[in-house]
Amino acid sequence: MPKTYPGAPYYDDYDPTKEYVQQLALPGKAEQAREFTQIQSMQLDFLGRLGDSIYTSGTIIDGCTLIISDKKAVISSGRIYIDGLVRIVDGATLTINGVGSEIIGAKVVTSIVTETEDASLRDPAQGYENYGQEGAHRLKEHVIFTVNDAEAAAVYRLEEGELVADSTTGEGNMLTDTLARRTYE
């Protein structure tokens, strides 16, 4: 389920157990700001459930090649499925111990960006009364790679500094293999 912000000022109280699947706007009634936020939470929840039926969090979709050298793990940029979405990730260089079992994982770092941090969030409609007014805040999510972080989704498993498993062999490849076999048959 996507992260929600139930308190002020967002009031996102989306609850999947209520089984609401659509918000129905009524003519003559003002929509609440929280309803627009809930629509997005609802859609992210639905998308995440679909994605979770195909992939596990930490599955490499594209790129993210790992090279290990001198207790350094260098990972190229790419795309990883994590927390319900396929996310674009930057490359990284991490320090590893090279001893015992180590997990290189990926985790989402979340922040809220306002017009104070990003002036482009102010209304750009020149010539109108609302020009330059504050707009909606943005939820920013950035993926970082970590080593031995219990909060991160496992992407690579190392033993004695050597790669022994990665997340490219997850459920997504099973789906691809099944489709290929059926197409061939």
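Structural data are supplied above this passage.
Residues numbered from 1 in each chain as written. Predicted model: local features only at pLDDT ≥ 70, side-chain atom pairs only at ≥ 80, totals over all residues. Heavy atoms only, no water.

Caption draft 1: The nonpolar core, seen in detail. One finds C64, I75, I80, I104, F145 and Y156 to be the most contacted residues of the largest nonpolar core, which totals 19 residues. Looking at this core, the elements with two or more residues in it are β3 (72–75), β4 (78–82), β7 (101–113), β8 (138–147) and β9 (153–159). Sort the elements by how many residues they give to this core and β9 lands first, with four residues. Setting aside residues up to four positions removed in sequence, C64 forms contacts with I75, S76, S77, G78, R79, I80, V89, F145 and Y156. (Core = buried A, V, L, I, M, F, W, Y, C linked by side-chain atoms within 4.5 Å. Buried < 20%, exposed > 50% of the residue type's maximum accessible area, 1.4 Å probe, protein only. Helix = DSSP H or I, 4+ residues; strand = E, 2+ residues; numbered from the N terminus. Contact = heavy atoms within 4.5 Å.)

Caption draft 2: Quick peek at the sheet that holds strand β6 (residues 92–95). Taken in spatial order, the three strands line up as β2-β3-β6 in an open sheet, and their pairing is antiparallel. The sheet is open, and its two edges are formed by β2 (66–69) and β6, each paired on a single side. Recorded for the sheet is a direction-independent mean angle of 20 degrees between the axes of neighbouring strands. (Pairing = 2+ DSSP bridges. Axes fitted to C-alpha atoms, helices over the stretch in contact; angles between N-to-C directions.)

Caption draft 3: How the structure looks around the sheet that holds strand β1 (residues 59–63). Read across the sheet, three strands follow the order β1-β4-β5 without closing on themselves; strand pairing throughout is antiparallel. What marks the edges here is a single partner per strand, and that holds for β1 and β5 (85–89). Sheet twist, expressed as the average angle between the axes of neighbouring strands with direction ignored, equals 25 degrees.

Caption draft 4: Just the pairing of β3, in detail. Of the two faces of β3, only one is covered, namely that formed by A73 and I75; the face formed by K72 and V74 stays uncovered. In terms of strand pairing, β2 meets β3 through four bridges, oriented antiparallel. Each bridged residue has a counterpart across the sheet, and for I68 the counterpart in β3 is A73. Hairpin connection, β2 to β3: the antiparallel pair is bridged by two residues, and D70 has positive phi, about 50 degrees. By the bridge criterion, four bridges tie β3 to β6 in an arrangement that is antiparallel. Residue V74 lies in a different strand from β6, and its bridge partner there is T93.

Caption draft 5: Structural view of the layout of surface pockets. Each pocket or cavity is described by its volume, and for the largest pocket that value is around 900 Å³. As for the largest pocket, its lining consists of 33 residues, of which K3, Y5, S41, L44 and L139 are closest to the centre. Elements supplying a minimum of two residues to the lining of the largest pocket: α1 (33–52), β5, β7 and β8. Ranked by the residues each element gives to the lining of the largest pocket, the list is headed by α1, at 11 residues. Per-class residue counts for the lining of the largest pocket are 14 nonpolar, nine polar and 10 charged. (1 Å grid on protein atoms, 1.4 Å probe; cavity = no way out; pocket = protein on both sides within 12 Å on 5 of 7 lines; lining within 4 Å. Points joined across faces, edges and corners; volume = space filled by probe spheres on them. Nonpolar A, V, L, I, M, F, W, Y, C, P; charged D, E, K, R; others polar.)

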